[in-house]
Amino acid sequence: MTRTTRRRFLAATAGATVGASLLATPATAQAGGGAGGTGDGGRSGDAVDLSAWFANTENVGEVVDARGQSSVEVAVGTSGNGGSFAFDPVAVRIDPGTTVVWTWTGEGGTHNVAAKDGSFTSEYYGSTGETFEHAFADPGVVRYSCVPHEAMGMKGAVVVGDADVTLGGGGGGGAGGDTDDAGETPTQPEETYDGWLANTDNYHALVDRRGESEVVVEVGAEGNGGQLAFDPPAMRVDPGTTVVWEWVGDLAYDVADPDLGFHSEQVAGAGHRFAVQFDGDGLSTYECTEYGDEGMRGVVVVGDGPTTRFSTLGYSVVGGSAVVLGAPFLYAFREHFRNITSSE
């Protein structure tokens, strides 16, 4: 059984027409017989090596033994992996039939919980107390992650039954023994887009958000010494994707790409939204004009992105809302094009 609670809409106040296009579609939880799969060590004695899975997860040390409990809670967005990008406990052992309840801390921006075998997927949540639950019926080992932050190490595992597992370092056996920390502190990638993200301390990887028609970027997330970050700061999307920037911090922010020519209002107030639909193949390098020099910058790579040849990127500002006024406002920009050169 999979169930989500307190359904959260990511963008719903941009007017009748625009609002319909920005309304986030709830993720569909996939029922896999309630099991989560048995392919990863379903039989007792079949050791499953999780060391590669947790290679960049800095806070994994043991498999917590929670057998004997009908329900087990896992916190989402605890301290780890360069911010509030961890599950706690990271790895947990349960009895078949136990329900795992993931509870959001409200830290680290927006997260989800998605099984690598596709047996369950939660919606994206960011508020304290949001929950998602899944009952595990069959023995086995199920790997899962927060999709936007997987590259940063935000991963977990549920061991159902007596399957033998190792976490690396010679520990973490069937009873969930201690192991050496197999994780690594995330470092900034070599690619900084001509130095644009060189000073952005929450940039650890280009997050792949292809396959999604609308993508939310949090404005004012924790990073760069305060509520001074976009989350995620760098991502790749498909042509035609609408990127919705949603204010979560307490300061006055804006979103601006001087080269492309789009610029939101500079406002304070959680819930304010600004949206741009991208087309073609190209690159948008944007910032908060007030705090860009402190690292509050972002990148959207669209399609194949910049190449050694000139590439055309189109965009249209499709709408936004100011919750302070309680009314939608629309932008009259038409599609605009520019040529860009490679930064990769």
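Residues numbered from 1 in each chain as written. Predicted model: local features only at pLDDT ≥ 70, side-chain atom pairs only at ≥ 80, totals over all residues. Heavy atoms only, no water.

You'll find the chain entered in an unreviewed UniProt entry as Halocyanin domain-containing protein, with Halomarina salina given as the organism. The UniProt entry for the chain carries the following text under Subcellular location (unreviewed entry): "Periplasm". (UniProt positions renumbered as here; feature names shortened; annotations may be inferred.)

A. Molecular detail of the overall build of the chain. The helix and strand tally for the chain stands at 1 helix and 27 strands. Burial statistics for the chain: of 344 residues in total, 54% are counted as buried. (Helix = DSSP H or I, 4+ residues; strand = E, 2+ residues; numbered from the N terminus. Buried < 20%, exposed > 50% of the residue type's maximum accessible area, 1.4 Å probe, protein only.)

B. Fine view of the layout of surface pockets. Approximately 240 Å³ is the volume attributed to the second largest pocket. In terms of lining residues, the second largest pocket is bounded by 18 residues, among which Gly106, Gly109, Gly126, Glu218 and Val248 are the most central. Taken together, the elements giving at least two residues each to the lining of the second largest pocket come down to strand 14 (214-223) and strand 17 (242-247). Here the element with the most residues in the lining of the second largest pocket is strand 14; it accounts for 4 residues. Residues of the lining of the second largest pocket, tallied by class, amount to 4 nonpolar, 9 polar and 5 charged. (1 Å grid on protein atoms, 1.4 Å probe; cavity = no way out; pocket = protein on both sides within 12 Å on 5 of 7 lines; lining within 4 Å. Points joined across faces, edges and corners; volume = space filled by probe spheres on them. Nonpolar A, V, L, I, M, F, W, Y, C, P; charged D, E, K, R; others polar.)

C. Quick peek at empty space enclosed by the protein. The full count for this structure, using the stated rule, is 1 cavity of 30 Å³ or more. Of the voids in this model, the largest cavity is the one considered here, and its volume is about 40 Å³. Lining of the largest cavity is provided by His149, Met152, Asn202, His204, Ala205, Val207, Asp231, Pro232 and Pro233.

D. Spotlight on unusual backbone geometry. Along the chain, aspartate 88 connects to proline 89 via a cis peptide bond; the corresponding omega equals 0 degrees. Cis geometry is adopted by the peptide bond preceding proline 232, which originates at aspartate 231 and carries an omega value of 0 degrees. Topologically, proline 232 is positioned in the loop between strand 15 (226-231) and strand 16 (234-237). In this structure, tyrosine 193 is a non-glycine residue whose phi angle is positive, near 60 degrees. You can see tyrosine 193 is positioned in the loop between strand 12 (165-166) and strand 13 (207-208). On the accessibility criterion, tyrosine 193 (4% relative accessible area) is buried.

E. Structural view of the confidence of the model for the chain. Across the chain, the average pLDDT comes to 74, with 69% of residues at or above 70. Strand 7 (residues 99-104) holds the highest mean pLDDT among the elements of the chain, 97, whereas strand 26 (residues 327-329) holds the lowest, 25. Of the regions scoring below 50 in pLDDT, residues 3-39 engages in 97 contacts with residues more than four places distant in sequence or in other chains. Within the model, pLDDT remains below 50 along residues 320-344, and this stretch shows 81 contacts once partners closer than five positions in the same chain are excluded. (pLDDT = per-residue confidence, 0-100. Contact = heavy atoms within 4.5 Å.)

F. Highlighting the nonpolar core. Judged by nonpolar contacts, the single largest core of 25 residues is most densely connected at Phe230, Trp245, Val255, Phe278 and Val300. Residues within four places of tryptophan 245 in sequence aside, it is in contact with Val217, Val219, Phe230, Val255, Phe262, His272, Arg273, Phe274, Val276, Phe278, Tyr286 and Val300. (Core = buried A, V, L, I, M, F, W, Y, C linked by side-chain atoms within 4.5 Å.)

G. Representation of the packing of aromatic side chains. Per the counting criterion, the structure on display carries 15 aromatic pairs. Each ring, one from tryptophan 102 and one from phenylalanine 120, has its centre 5.3 Å from the other, and the planes form 35 degrees; the classification is tilted. Residue tryptophan 102 is found in strand 7, and its partner phenylalanine 120 is found in the loop between strand 8 (114-115) and strand 9 (131-135); the two are separated by 18 residues along the sequence. You can call tryptophan 102 buried: its relative accessible area is 0%. Accessibility expressed as a relative area gives 0% for phenylalanine 120, which makes it buried. Ring centres of tryptophan 102 and tyrosine 144 lie 5.3 Å apart, and the angle between their planes is 80 degrees; this geometry places the pair in the edge-to-face category. Here tryptophan 102 is found in strand 7, whereas its partner tyrosine 144 is found in strand 10 (residues 140-145), with 42 residues between them in sequence. For the residue pair tryptophan 102 and tyrosine 144, the accessibility class agrees, reading buried in each case. Connected via pairs of aromatic rings, a cluster forms that spans Phe87, Trp102, Phe120, Phe132, Phe136 and Tyr144. Just above the ring of tryptophan 53 sits the side chain of lysine 155; from NZ or CZ to the centre is 4.7 Å. (Phe/Tyr/Trp six-rings, centres within 6.5 Å; stacked < 30°, edge-to-face > 60°. Lys NZ or Arg CZ within 6 Å of the ring centre and 35° of its normal.)

H. Layout of the sheet that holds strand 10. Ordered by their spatial adjacency, 5 strands build an open sheet running 3-6-11-10-8, and the pairing between neighbours is mixed. Single-partner strands in this sheet number two, and they are strand 3 (63-65) and strand 8. By the bridge criterion, 6 bridges tie strand 10 to strand 11 (residues 155-160) in an arrangement that is antiparallel. Each bridged residue has a counterpart across the sheet, and for tyrosine 144 the counterpart in strand 11 is glycine 156. (Pairing = 2+ DSSP bridges.)

I. Spatial organisation of the side chain of arginine 209. Note on placement: arginine 209 falls in the loop between strand 13 and strand 14. Discounting residues that sit within four places of it in the chain, arginine 209 has contacts with Tyr124, Pro148, Val215, Val216, Pro232, Met235, Arg236 and Val237.

J. Looking closely at the side chain of asparagine 112. Structurally, asparagine 112 can be placed in the loop between strand 7 and strand 8. In this structure the side chain of asparagine 112 is engaged in a polar contact, spanning 2.8 Å, whose partner is the backbone nitrogen of valine 147. Among residues more than four places away in sequence, those in contact with asparagine 112 are Phe87, Trp104, Thr121, Ser122, Glu123, Tyr124, Ser145, Cys146, Val147 and Pro148. (Polar contact = N/O pair within 3.5 Å; in protein donor to acceptor, adjacent residues only side chain to side chain.)

K. Layout of the environment of valine 74. Within the secondary structure, valine 74 is located in strand 4 (residues 71-80). In this structure valine 74 touches Phe87, Asp88, Pro89, Val100, Val101, Trp102, Thr103 and Tyr144, once residues within four positions along its chain are discounted.

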